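Observations on chain architecture
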Amino acid sequence: MRKAKQQGLSALGRAPLAAAIWLAFSGFAFAQDEAAPADEERKDESVLEAITVTAQKRTENLQEVPISMQVLGTEALEEMNVGDFDDIAVLLPSVSIDSGGPGFTRVYMRGVANGENGNHSGPQPSVGMYLDEQPITTITGALDVHIYDIERVEALAGPQGTLYGASSQAGTIRVITNKPDASAFAAGYGLEANKISAGGFGHVGEGYLNLPVNENLAIRLVGWTKEDAGYIDNIYGERTYPSSGIVGNNAGFVEDDYNNVQTSGARAALKLDFNEDWSISPSIIAQRRRQNGLFAYDEGLGELNISHGYPEKADDDWIHSALTVQGRIGHFDLTYASAHLKRAIESETDYSDYGFWYDTLFGYGTYFVDDNGDLVNPAQYIQAEDRFKKRSHEIRLASPSDERFRFVVGTFWQQQSHDIQQRYRIDNLAEAISVPGWEDTIWLTKQVRQDHDEALFGEMSYDLTETLTATVGARFFKAENTLKGFFGFGAGYSSGTGEAACFDQTDFNGAPCVNLDKGTEEDDWLGRFNLTWQFLPDKMIYGTWSEGYRPGGINRRGTLPPYVSDFLTNTELGWKTSWADNTVTWNGAVFQEDWEDFQFSLLGLNGLTEIKNANQARIRGLESDLVWAASYNLRLSGGISILDAELSENYCGFTDEFGNPVSVCADPEAPAGTRLPISAEFKGNVSARYTWDTEREPYFMATIVHEGDRESDLRIEERNILGRLPSYTTLDLSAGFRWNDMKIDFFLRNATDEVAQFSRFVQCPETVCGEQRYITVNQPRTFGVRFSQEF
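Residues numbered from 1 in each chain as written. Predicted model: local features only at pLDDT ≥ 70, side-chain atom pairs only at ≥ 80, totals over all residues. Heavy atoms only, no water.

**Quick look at the side chain of threonine 137**
Cut-off, in case you're wondering: By definition, any uninterrupted DSSP run of H or I lasting at least four residues is a helix, any uninterrupted run of E lasting at least two residues is a strand, and each is numbered from the N terminus. Counting of polar contacts relies on pairs of N or O atoms within 3.5 Å, with two restrictions inside protein: one atom must be capable of donating a hydrogen and the other of accepting it, and residues adjacent in sequence are counted only when both atoms are side-chain atoms. The contact definition used throughout considers only heavy atoms, calling two residues in contact when any of these lie within 4.5 Å.
Here threonine 137 shows up in the loop between strand S7 (134–135) and strand S8 (150–157). Among the polar contacts made by the side chain of threonine 137, one reaches the main-chain amide nitrogen of methionine 129 at a distance of 2.8 Å. Not counting the four nearest positions on each side in its chain, threonine 137 is found in contact with Pro125, Val127, Gly128, Met129, Ala142, Ser167, Lys390 and Gln416.

Structure, rendered in structure tokens:
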């Protein structure tokens with residue numbers, strides 16, 4: 001058992017060791033200000049390289065950007081063996097995740113999280129994800145882009161609403177790909193094999209080709225294929241349904257390591273420079289993923305065990321095409337960015353807990369019969385098809401960055417749709433109580449959701465003096481949300497909902513009729529103000545006031561009121577500094593964020609997602625990161641996030657008729673002062689890499705990550721049922737060497753086999769299914785070897 005294996009790291013588990021080491025590094029780093037380098041000939045090699053970012057829609061040095069942000073460059077991504085977004089999230093202290101498996105991870109930043117539990121038709125994400133210039137955040141979540149041939153990952157903490165819009169309420173994460181380069185041919189590939197200690201074997205194959213066609217035209221091709229080994233065992237189990245006495249089992253689905261994933265994809269990009277001023281860059285990226293099993297275990301069956309008797313899989317295919325045009329009009333830089341995304345997910349999910357617990361507690365099993373009137377097994381399973389489409393266009397104009405007064409101004413347009421189909425099936429269900437036209441279907445959701453955004457935005461900066469700069473920005477937006485279609489039971493099962501509630505008998509995409517057709521729209525504006533003081537050439541402090549938001553929308557249960565927009569107001573004081581002849585960088589920020597009328601999704605009646613506005617919350621925190629080139633062969637880095645996140649008003653669990661939250665009630669579901677869930681009070685990491693100065697350049701690297709305990713839900717009763725997410729500390733090790741243009745790397749992820757819990761959930765409302773809890777966890781200890789070569 002993994003619990004037994006983690007005893008060897010008990011000392012690490014008792015205290016946030018990452019913080020202690022990080023502070024120790026800080027002390028050593030600042031001592032360097034007074035000490036001369038031991039080897040002057042090596043001094044230049046230990047200087048940290050400047051990192052270029054485009055967080056403010058123009059190219060700038062990271063240390064000159066007055067935003068709290070972390071950047072993982074190509075070298076760092078390779079050194080830390082980053083392959084997907086979950087790997088990135090672990091390394092970013094300001095980021096928390098609620099992982100539902102590859103491609104279904106919910107991302108949070110700076111504690112702006114509420115422990116929501118829902119399925120489709122939920123609120124839009126609070127963290128925006130971008131691939132180069134284009135947003136890739138869909139309603140379900142962001143695309144899980146395979147991290148290979150990536151220039152850098154930028155994580156911008158805090159509201160980025162003026163430049164990035166609705167889904168950047170709490171922050172923005174940008175994945176920047178390597179671009180075609182007409183100056184030189186380049187190619188490379190990598191091959192990896194790995195083994196999970198409590199699971200199966202996996203592998204990765206990936207490669208890229210940069211092909212100059214002429215001095216103005218280049219093509220870049222990237223491809224990958226991988227298999228992530230499983231580590232969850234689907235063990236044999238039986239259930240007796242009380243109403244009928246029917247015994248169900250999962251004999252046909254018993255399998256070890258059944259949550260394996262196969263992924264393949266490709267990316268093609270072209271860059272054509274018409275002249276020194278104008279270029280065009282079209283690109284296309286496509287990925288296919290076949291996911292099996294569930295990425296969680298049943299707490300009652302022991303770690304990494306589950307007992308499910310219906311198919312569980314997700315086929316996730318998407319294609320993303322983009323076009324970027326860059327040029328100059330006079331002294332101004334013009335950028336046009338457009339994108340088109342199509343994503344199709346076909347999934348099957350075991351939903352038998354719902355039938356079992358409702359039968360056990362309320363005798364619901366007596367309602368389900370076959371065509372002969374005999375009781376059937378009431379266990380349910382879900383067959384779903386989700387189709388996403390998203391189009392976006394942005395055009396912006398930027399003045400020269402070296403002028404005293406400079407600006408960025410632009411317009412943005414986005415349209416996205418979600419075609420929803422969910423069939424809740426019971427085998428051998430009578431035709432009379434099935435949804436008409438849908439065999440064995442007790443419940444059907446067949447809806448189309450449309451979200452539309454458009455905005456005008458801009459930021460202006462003025463150098464008040466040579467060292468003092470003021471920036472003001474605003475975004476004027478309009479947002480619309482509509483939801484139309486069918487949801488519910490057939491008329492033979494319910495006389496008041498579903499088919500019986502239809503007001504339009506017209507067929508809707510195969511559904512029998514229409515019982516939901518609602519929309520909402522709004523327009524408003526967001527602001528940002530920043531004052532930056534560059535008091536020394538390599539040191540700055542700044543103060544920022546900024547806003548972010550998520551648009552409101554329609555509940556799929558049509559009897560509920562719409563949910564309204566939630567807004568986040570941020571006030572922060574930050575610093576960007578370099579020390580010891582640029583061998584040390586130390587950046588950070590302290591902040592307070594006020595979260596107004598925040599959206600909260602939960603599983604309501606019949607396990608149907610309900611979205612409510614849950615009143616007000618307040619988040620105070622500190623985040624900081626440090627990088628130290630201690631010598632020409634030793635590099636140390638670390639980062640921390642400290643949060644105090646709590647409700648500032650009661651959450652009563654209901655709203656008024658207009659969707660506005662109510663804070664005065666006799667028995668609130670979460671009183672003022674309740675700690676917000678999912679995000680820890682402390683999260684930190686520290687890394688050390690030592691490279692020997694020999695011909696093969698052998699190296700050794702270690703990374704420690706610690707995250708404190710977290711609450712699993714906002715509501716007091718539900719969090720007591722689900723239980724707390726305990727703290728964890730993980731250790732990753734790697735070593736390797738070069739040989740001419742080849743590299744061999746050995747790595748040991750989660751070396752101590754620590755169990756890191758990311759979420760705890762149930763299949764239906766906690767007060768019904770709370771005895772059967774599921775826990776998503778990190779991957780057990782994994783050993784791997786990687787061979788790569790570049791030409």
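Now that the structure has been shown, we can carry on.
**Regarding the pattern of salt bridges**
Let me state the cut-off plainly: Note on definitions: salt bridges are taken to be side-chain nitrogens of Lys or Arg within 4 Å of carboxyl oxygens of Asp or Glu. To sort residues, take the accessible area from a 1.4 Å probe on protein chains only and compare it with the maximum for the residue type: under 20% means buried, over 50% means exposed, and anything in between is partly exposed.
Counting across every chain of the model gives 47 salt bridges. Ionic pairing is found between glutamate 79 and arginine 689, a salt bridge with its closest N-O pair at 3.3 Å. Placement of the pair is glutamate 79 in helix H4 (residues 74–79) and arginine 689 in strand S34 (residues 682–691), with a sequence separation of 610 residues. As a salt-bridge pair, aspartate 644 and arginine 618 come within 3.3 Å of each other at their nearest N and O atoms. On the criterion of sequence distance, the pair formed by aspartate 644 in strand S33 (residues 634–647) and arginine 618 in strand S32 (residues 617–629) is long-range, its members being 26 residues apart. Look at aspartate 644 and you get partly exposed, because its relative accessible area is 37%.

**A closer look at the side chain of glutamine 287**
Considering the arrangement of structural elements, one finds glutamine 287 in strand S17 (residues 279–292). A distance of 3.3 Å separates a polar atom in the side chain of glutamine 287 from a polar atom in the side chain of tryptophan 224. With sequence-adjacent residues up to four places away left out, glutamine 287 is seen in contact with Asp144, His146, Trp224, Thr263, Ser264, Gly265, Asp316, Asp317 and Trp318.

**Some details on the nonpolar core**
For clarity, the threshold we go by: By nonpolar core is meant a set of buried Ala, Val, Leu, Ile, Met, Phe, Trp, Tyr and Cys residues that side-chain atoms within 4.5 Å join together.
By size, the foremost hydrophobic cluster in this structure holds 55 residues, and its most contacted members are Ile173 and Leu714. Dropping the residues within four chain positions of it, leucine 714 is found in contact with Asn114, Phe598, Phe600, Ala614, Leu647, Tyr651, Ala670, Thr674, Leu676, Pro677 and Arg719. Listed in part, the 31 residues of the second largest apolar core include Trp357, Tyr424, Trp443 and Leu516.

**Notes on the state of the cysteines**
Under the convention used in this document: Count a disulfide wherever a pair of cysteine sulfur atoms falls within 2.5 Å.
Tallied over the full model, the rule gives three disulfides. Put simply, cysteine 502 and cysteine 513 are joined by a disulfide, and their sulfur atoms are 1.9 Å apart. Taking the sign of the S-S torsion, 65° for the link of cysteine 502 and cysteine 513, the bridge is right-handed. Of this pair, cysteine 502 sits in the loop between strand S25 (468–488) and strand S26 (516–536) while cysteine 513 sits in the loop between S25 and S26, and the two are 11 residues apart along the sequence.

**Description of the sheet that holds strand S18 (residues 297–298)**
Worth spelling out the cut-off: The pairing criterion for strands is at least two bridges between them, as found by DSSP.
Here three strands make up an open sheet; going across it, the order is S18-S39-S38 and the pairing antiparallel. Every interior strand has two partners, whereas the edge strands, S18 and strand S38 (757–761), have only one. Across four bridges, the pairing between S38 and strand S39 (residues 774–777) is antiparallel. Bridge pairing links arginine 760 to isoleucine 775 in S39.

**Some details on the packing of aromatic side chains**
Note on aromatic pairs: each is described by the distance of the centres and the angle between the planes. Using the following cut-off: Within 6.5 Å between ring centres, the rings of Phe, Tyr and Trp (the latter by its six-membered ring) count as paired, and their orientation is classed by plane angle as stacked under 30 degrees, edge-to-face over 60, tilted in between.
For the structure on display, the rule yields 32 aromatic pairs. With 5.4 Å between their ring centres and 40° between their planes, tyrosine 364 and tyrosine 367 make a pair best called tilted. A relative accessible area of 29% means that tyrosine 364 is categorised as partly exposed. Judged by relative accessible area, tyrosine 367 falls into the partly exposed class, the value being 42%. Ring geometry for phenylalanine 368 against tyrosine 493: centres 5.8 Å apart, planes inclined by 5°, an arrangement best described as stacked. With phenylalanine 368 in the loop between helix H7 (352–362) and strand S22 (381–398) and tyrosine 493 in the loop between S25 and S26, this pair connects stretches of sequence that are 125 residues apart. Under the relative-accessibility criterion, phenylalanine 368 is labelled buried at 6%. Cluster of aromatic residues (ring-pair linked, three or more members): Tyr351, Tyr354, Tyr358, Phe362, Tyr364, Tyr367, Phe368, Tyr424, Trp443, Phe487, Phe489 and Tyr493.

**Section: the pairing of strand S37 (residues 742–749)**
The pairing of strand S36 (residues 728–739) with S37 spans seven bridges and is antiparallel. Among the inter-strand pairings, arginine 738 is bridged to a residue of S37, identified as lysine 743. The turn linking S36 back onto S37 is made up of two residues, and asparagine 740 within it adopts a positive phi angle of 60°. Here eight bridges tie S37 to strand S40 (residues 782–790), and the two strands are oriented antiparallel to one another. Bridge assignment links isoleucine 744 to a residue of S40, and that residue is phenylalanine 787.

**Digging into the sheet that holds strand S6 (residues 127–131)**
Ordered by their spatial adjacency, five strands build an open sheet running S3-S8-S9-S6-S7, and the pairing between neighbours is mixed. Strands with a single pairing partner mark the edges of an open sheet, and in this sheet they are strand S3 (69–73) and S7. Bridge count between S6 and S7: two bridges; the pairing is antiparallel. Pairing of tyrosine 130 across the sheet is with proline 135, part of S7.

**A look at H7**
With respect to burial, H7 is a largely interior element, eight of its 11 residues being buried. Among the residues of H7, Ser352, Asp353, Tyr354, Gly355, Phe356, Trp357, Tyr358 and Asp359 are the ones counted as buried. Turning to H7, the residues buried within the fold contact strand S14 (238–240), strand S21 (332–350), helix H9 (766–769) and S39. In the segment just after H7, glycine 363 is the residue with positive phi, at about 70°.

**Thoughts on the confidence of the model for the protein**
Where we set the bar: Per-residue confidence from the predictor is reported as pLDDT, a score between 0 and 100.
When the pLDDT values of the protein are averaged, the result is 89; 93% of them are 70 or greater. Mean pLDDT across the secondary structure elements of the protein bottoms out at helix H2 (residues 10–14), with 38, and peaks at strand S13 (residues 233–234), with 98. For residues 3–44, every residue scores under 50 in pLDDT, and the model assigns this stretch 56 contacts once sequence neighbours within four places are set aside.

**Here's the deal with a nonpolar patch on the surface**
What counts, and what does not: Residues form patches when they are more than 30% accessible in relative terms and have no salt bridge. Like charges link within 9 Å. Nonpolar side chains (Val, Leu, Ile, Met, Phe, Trp, Tyr) link within 5 Å. Using a 1.4 Å probe, the Shrake-Rupley method yields the accessible areas, and only the shown protein chains count as cover for residues.
The grouping of Phe405, Met460, Tyr462, Leu464, Val472, Phe529, Leu531 and Trp545 at the surface amounts to a nonpolar patch, some 690 Å² of accessible area in total. Mapped onto the elements, leucine 531 comes out in strand S26. Overall, the relative accessible area of 35% leaves leucine 531 in the partly exposed class.

**Considerations on the environment of proline 668**
With respect to the helices, strands and loops of the structure, proline 668 is situated in the loop between S33 and S34. On the basis of relative accessibility, which here comes to 21%, the residue proline 668 falls in the partly exposed class. C-alpha separation for the pair proline 668 and tryptophan 692, spaced 24 residues apart in sequence, amounts to 60 Å. Beyond its immediate stretch of four places on either side in the chain, proline 668 contacts Asn650, Tyr651 and Cys652.

**Examining the environment of asparagine 509**
The topology assignment puts asparagine 509 in the loop between S25 and S26. Among residues more than four places away in sequence, those in contact with asparagine 509 are Asp419, Lys446 and Val448.

**Description of the environment of aspartate 427**
Structurally, aspartate 427 can be placed in the loop between strand S23 (405–425) and strand S24 (441–463). We classify aspartate 427 as partly exposed; its relative accessible area is 32%. Separated by 13 residues in the primary sequence, aspartate 427 and aspartate 440 have C-alpha atoms spaced 5.7 Å apart. Beyond its immediate chain neighbours, meaning those up to four positions away, aspartate 427 contacts Tyr310, Val376, Tyr381 and Asp440. At 2.6 Å, the side chain of aspartate 427 and the side chain of tyrosine 381 are in polar contact.

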